[in-house]
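# Coordinate inspection notes
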Amino acid sequence: MCIWNLTNCHRVDIVITILPQREQDAGSQCVISMNANSTSICDPKNPGHVKTFTFDLAYWSHSGFLKDEDGRLVSTGSNSRYAGQREIFRDLGQGVLDSAWQGYNATLLAYGQTGSGKSYSMIGCGANRGIIPIVCEELFKAIHNQEQNKQYQVTFSMLEIYNEQVIDLLSKTKKRGGLKVREDHQQGFYVDGLKQVPCDSYAQIERLMEQGTKIRTTASTSMNVTSSRSHMVITIQFKQIFLDEEITKQSVINLVDLAGSERQKSSGSEGDRLREGTHVNLSLAMLGNVISALAEMAVGKKVLHIPYRDSVLTKLLQSALGGNSKTIMIAAISPADMCYEETLSTLRYAERYSFVVFHCFSLSLPPEELQYLLVENERHIQTIRVTWESQLEEARKEWEQQYAAITQERRMMETFPYLLNINEDPQLSGVLKHFIQDGASDVGQSASNAIVLKGLGIMDKQATFTNTDGKVTITPWDKSMVIVNGVPVTVKTKLQHLDRIILGSNTAYLYIGPPAERTNKDLLRYDYDFFQSELAAADGFSIDKLGAVSSKDGKPDPSVLAVFHDYIKLMPLVAEANQMSEELNKDLKFELKVKNLASSDSRGYDLQKEIIVKVMHKITKQVWVWSKAKFINRKFLMEELYQHFLDGEDMHVEQDNDPFWDPVEVIHLGSAHIWLQSLAYCMKLEEQTELLNFEGQEEAVVLINVVPCSSDGRAFEEDDVVIDPLELLGRQIDFQIHIVQCLGVRWLRDVSDRGIQIGYRIYDLPRPVYTKPVWKNVNPKIEERTHFSALTVSHDFLNYLQKNALIVDLWGLQGISLQCIFFICGCFLWLQDAPNQMSKLYTKLLKLEQETELLRDINRALREENIFLKEQLKKWDTGHHERTHQLCHYRTSYDSDFAKALKVFYQNMNVLRGQFLKLKHSKPPVEDNLQMLRLFTERQSCMLKDFGEQLESSICKLKNDVALIVKKKRESIAYSKH
Ligand code: ADP
Ligand code: MG
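Here the structure is a predicted model, which is why all the values come from computation and not from measurement.

### Examining the overall build of the protein
- When helices and strands are tallied, the protein shows 17 helices and 43 strands.
- For the protein, contacts bridging at least 24 residues in sequence account for 68% of all contacts bridging at least 6.
- Approximately 49,300 Å² of the protein is accessible, and the part contributed by carbon and sulfur atoms is 53%.

Here's what the structure looks like:
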C-alpha cells in the first residue's frame, strides 16, 4: 500500500499489505522488497529486472506479525518492521484529524487492485479496525474532552458510486437512476437528497457503517453489482461552534474506498469492437485524468482545463483534489508474483501522483466585511443550534430502533440455524443473515416467501428449508439451481453445520447449524474462493489437473497458478453471463476453456496455458472464441443492459452496441505439427496427421505432402537426397507443400452451413498461406499445392528446417457466403523478404551474365581439349576401363541406399513424433472414477509400450541398414584394391 500526502509539500508513502496466505497461493513468491524509503519490485519472469520507486514513507505488513488474544495483528518484536493498523492511523489518521480541528478539509483515498487491502486499511476487519473507525472514535474522544463553551456538530453520510450512479447507503429506499449530483455556487458539487445523519457518539457511527455495509451487500447480491467496481465515499462534516466568539469552523472529511484499479486498461480486449467507449469505470479513469492534469500543472506546464466535471467521483472530490484540502492517497499493493503487472502499474500511478503539489489557502477579508460576516454568523448559529438539536433527537430515535433490531438479530443467532452470505468482497461477507425458523420456510424472489432472496437465476420459489427439531433439510423446487458443497442437488438434502450453499447462478451462503451443532471452527476459511474452488473441483478442474508441477521444488508453476486463479475468478462470471443471456433471450452459451498454447509453438514447447471463453449460439450453432479480457469487458456491458431490464426500462440495443452480439468469425479449430527435418535432406514427406484442438482432442486428420523439387516443379527422386544438409548451404532449394485432403472434420459433422480452410506459415514468409474454403463435406478433398523457393539456403534456414515444424492450422468457417480468410495458394513464394530479394536478384542476374560470357570462352577451350582426350581414351586398355566404371556405379548405389535408409528412418520418426505429441496431450478422464482412471492408465501404458517398441525398431532398422551399406562398401574397397 502506498500513501500520498499532498498538502503543501509532496510526500508519498508506501505501505505493503500482507499477502493473505490462501491455499491456492501456496506457490506464490513475494516480489516486493523495502529498504527505508525505497520500494523495489522484481519482475518474476526476469529476476534480474528490478524497478525501484522512492517515496517518503513505506509501510510493511507482509511479515513479522502475530495475532494477539484479541485477534489483533501486532508486531513480533523489535526486529520486526511490521506496521499494523494503529501505526498507520498514527501517521496518517492523526493528520486528518488535526486538519479537521483546524478547519481544513481532509480527504483520504485508497487506491489499488481488488484484494490488495484497500478496504482493510480504510475500514478494517474484525479487531483490526482501519483508519475510518479509528478517526471517528478519536474525533469523539477529543470532542468529549473539550471545554464547555464550544459546541460540536458531526454528521455522517455514506454513498456508493456504481456505474456513475450515486446510491445512498444509509437510505433503505432505492431511487431509480440514483441520486443527482448538483452544483451550488457556495458548496460546489453536492449530492441532492443524500441522507446526512447527525451523530453524537462513535457507537452511532459504528451502527451506521454496519447499516451502510448491509445495504451495499444487499445491492451487490440482488442487483448483481460487483463491489470491486464501485467506490464508497464516507463523508464526515465536522462543525465547531465557538459560543463566546460566535464563530464557526467547519471541515469536511472525505474517506474514499476506490473501485479496484485493475481492468482499467481492459488489456487484451483490443480486438473487441465494443472496447471503444466502454469505461470499465469512468470515475476511476477520470480520476487518473485529473491527477495527470494536476501533475502537469505541478511541473509548470500550462493546463487549460482540469476535467473535474467528467465523472461523478471527480465532481464530488473537486475541492479535495483542487486545493483547499489535505489529501492523502493510500495505494495498496499485493506482493505476490502473480500480481506483478498490476502492482507495477499501481506504483507508477503513485509516482505520477507524487508530482501533484497542493497548497492550502485561507480566506483574508477586509474588516468591514468581517464585521458583517460576524453579525450574519451570530444569527446563523442560533438557527443552526435549534435545528441541530431537533435533528440530533430524530437521529437518536432512529438509532435506538436500529439498536433494538441488532439486539434482536443477536438473539436470533443464538437460537436458530441461519444462512450467512458469502460475497466476492470479504468486506461484504457475513453481513446478511437469513434465519431458518421451525417448520418449513420457502425461499425465493417473491415477497410471499419466508426468506426473500433476490439474485441472478433465483426463481420466485427456489427451495424450501425444513427445520424439524434442529434437523435442517433443503429441497429445491422444480428446475431451480441449488448447489450444496459444490454439487447440484435435485432432491431433499440434509444440511450440516458449515455446508456451502449456492442458489441460482451465484448467490452463496454458508449454512450455520443450530447452536448445538456449532463448533469453534474458523468461519473465515469458507470464503468466496473456497466456494468457487470447491465448485471447480466438483467439475473436475484443479491445479493438479492442469498439470505442470515444476520438478525443481514440487511447487506448481506460477503460470499454472495464474491460470487456476483466472479460472476460479471467471467461473462465477460465466455462470452469471449464461443466466443473463437466458433471461434476456440472447440464446448464447458461454463456456470456460483452458487453452494450451503448445499447439501453436513451432518447436512443440509446452507449458503456456491461458483461459478463453467459448461462446456458442444455441440455435445457429455459430461459435466465437473470446479472450479473457474481451469476456470481462463484455460482461460489464451485459450487466448494464441487464440492469435496464431489471429496472423495467427499454432494453433494446442496436446490434452494433449489443454486448451479446458479434459478427460471424473464423474460428481456429486445431493444429498439427509437420516436422520439416526431411526437407533438409531433400526427402519427400507424406504425412497423415491429426489436427488437435487446444484440449488435445482430434478435430480432423490432414493428408499433407512436402515434396522437394526442381525449380520447375519436377519432384526429386531418391537419388537427389543429400546426406549432409550442409551441402545445401548457399544453394537454391525448391519444394512444394501439397495439402491433399482432410478426413473426419468434426466441425463439419452436424451443422450444414460450415466450412473449413487450412492455413500454415512457413519460415520468414510474412503472411500465412491458406487453402480455398471447402464447405459441408466431412472428408473434403483439397488438392492444393504451393511452390516455395529458398534462393540461397542459409544456416538459419537449415536450422529452421531441422528444429521446427510446420504448424498447420484448421480454421472453421460459418455462415455460407460470409467471409473466409484471404487465401493464396498454388503459386510461387520466396522464402525471403521481397524488396531485398529483388535487388539481390538483379545483382545476381548481372553476375550471371558475366559468368556466362566467361563460361562460353572456357567452353570453347574445353571442347577442343575434349576432342583431344577422346582420341587418347580410345587407346586405353578396355579391362582397366571396365573396373573404373564398376567403382563409379558402386559409389552412386551406396549413396542411394543410404538415402533410402535415411528416408525410412525419418518417416518412422515422423510417425513417432505424432505419437509422442498424442501421448503428451492425452488427459486423464475428468470424473473421479477409478475404473475410468484405470482404463486410462492401461491405455496410456499400452501406447507408451508401443511407442518404445517402435522407437527401438526404427533405430534398429537404421543401424542394420547402415551396417549393410558399410559392409558393401568395405567389400567393394577390398575388391578395388585387389
Ligand atoms: P480490497 O478492498 O483492496 O479489495 P481487502 O481490503 O478486502 O482488499 O483485502 C483483501 C483480503 O486481504 C481481506 O481478507 C483482508 O482482510 C486481507 N488483508 C488485506 N490487507 C491486510 C493486512 N494488512 N493484514 C491482514 N490482512 C489483510
Ligand atoms: Mg474492498
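### Quick notes on the sheet that holds strand β23 (residues 451-452)
- Overall, mixed pairing links the five strands, which are arranged β23-β22-β24-β25-β28 in an open sheet. Edge strands, defined here as strands with exactly one partner in the open sheet, are β23 and β28 (493-494).
- Of the strand pairs in this sheet, strand β24 (residues 463-468) and strand β25 (residues 471-476) are connected by six bridges, and their pairing is antiparallel. Along β25, the bridge assignment pairs Thr464 with Thr475.

### Some words on empty space enclosed by the protein
- Per the stated rule, a full pass over the model turns up seven cavities of 30 Å³ or more.
- In this structure, the largest cavity encloses a volume near 240 Å³.
- Contributions of two or more residues to the lining of the largest cavity are made by α4 (202-222), β30 (507-512), α12 (558-583) and α13 (628-646).
- The residue inventory of the lining of the largest cavity, partitioned by class, reads six nonpolar, eight polar and five charged.

### Describing the pairing of strand β34 (residues 667-675)
- Burial runs high along β34: eight of the nine residues are buried.
- As judged from the eight bridges shared by β34 and strand β42 (residues 805-814), these two strands associate in the antiparallel manner. Bridge assignment links Ser671 to a residue of β42, and that residue is Asp809.

### Structural notes on the sheet that holds strand β33 (residues 623-627)
- Pairing is antiparallel across the open sheet formed by three strands, whose spatial order is β31-β32-β33. Every interior strand has two partners, whereas the edge strands, β31 (588-596) and β33, have only one. Averaged over all neighbouring strand pairs, the angle between strand axes comes to 30°, with direction disregarded.
- Across five bridges, the pairing between strand β32 (residues 609-617) and β33 is antiparallel. Its bridge partner lying in β33, Ile612 is registered against Ser627.

Thresholds, definitions, all that
Residues numbered from 1 in each chain as written. Chains lettered and ligands numbered in written order. Predicted model: local features only at pLDDT ≥ 70, side-chain atom pairs only at ≥ 80, totals over all residues. Heavy atoms only, no water. Helix = DSSP H or I, 4+ residues; strand = E, 2+ residues; numbered from the N terminus. Contact = heavy atoms within 4.5 Å. Areas by Shrake-Rupley, 256 points an atom, 1.4 Å probe, with all protein chains shown as cover. Pairing = 2+ DSSP bridges. 1 Å grid on protein atoms, 1.4 Å probe; cavity = no way out; pocket = protein on both sides within 12 Å on 5 of 7 lines; lining within 4 Å. Points joined across faces, edges and corners; volume = space filled by probe spheres on them. Nonpolar A, V, L, I, M, F, W, Y, C, P; charged D, E, K, R; others polar. Buried < 20%, exposed > 50% of the residue type's maximum accessible area, 1.4 Å probe, protein only. Axes fitted to C-alpha atoms, helices over the stretch in contact; angles between N-to-C directions.

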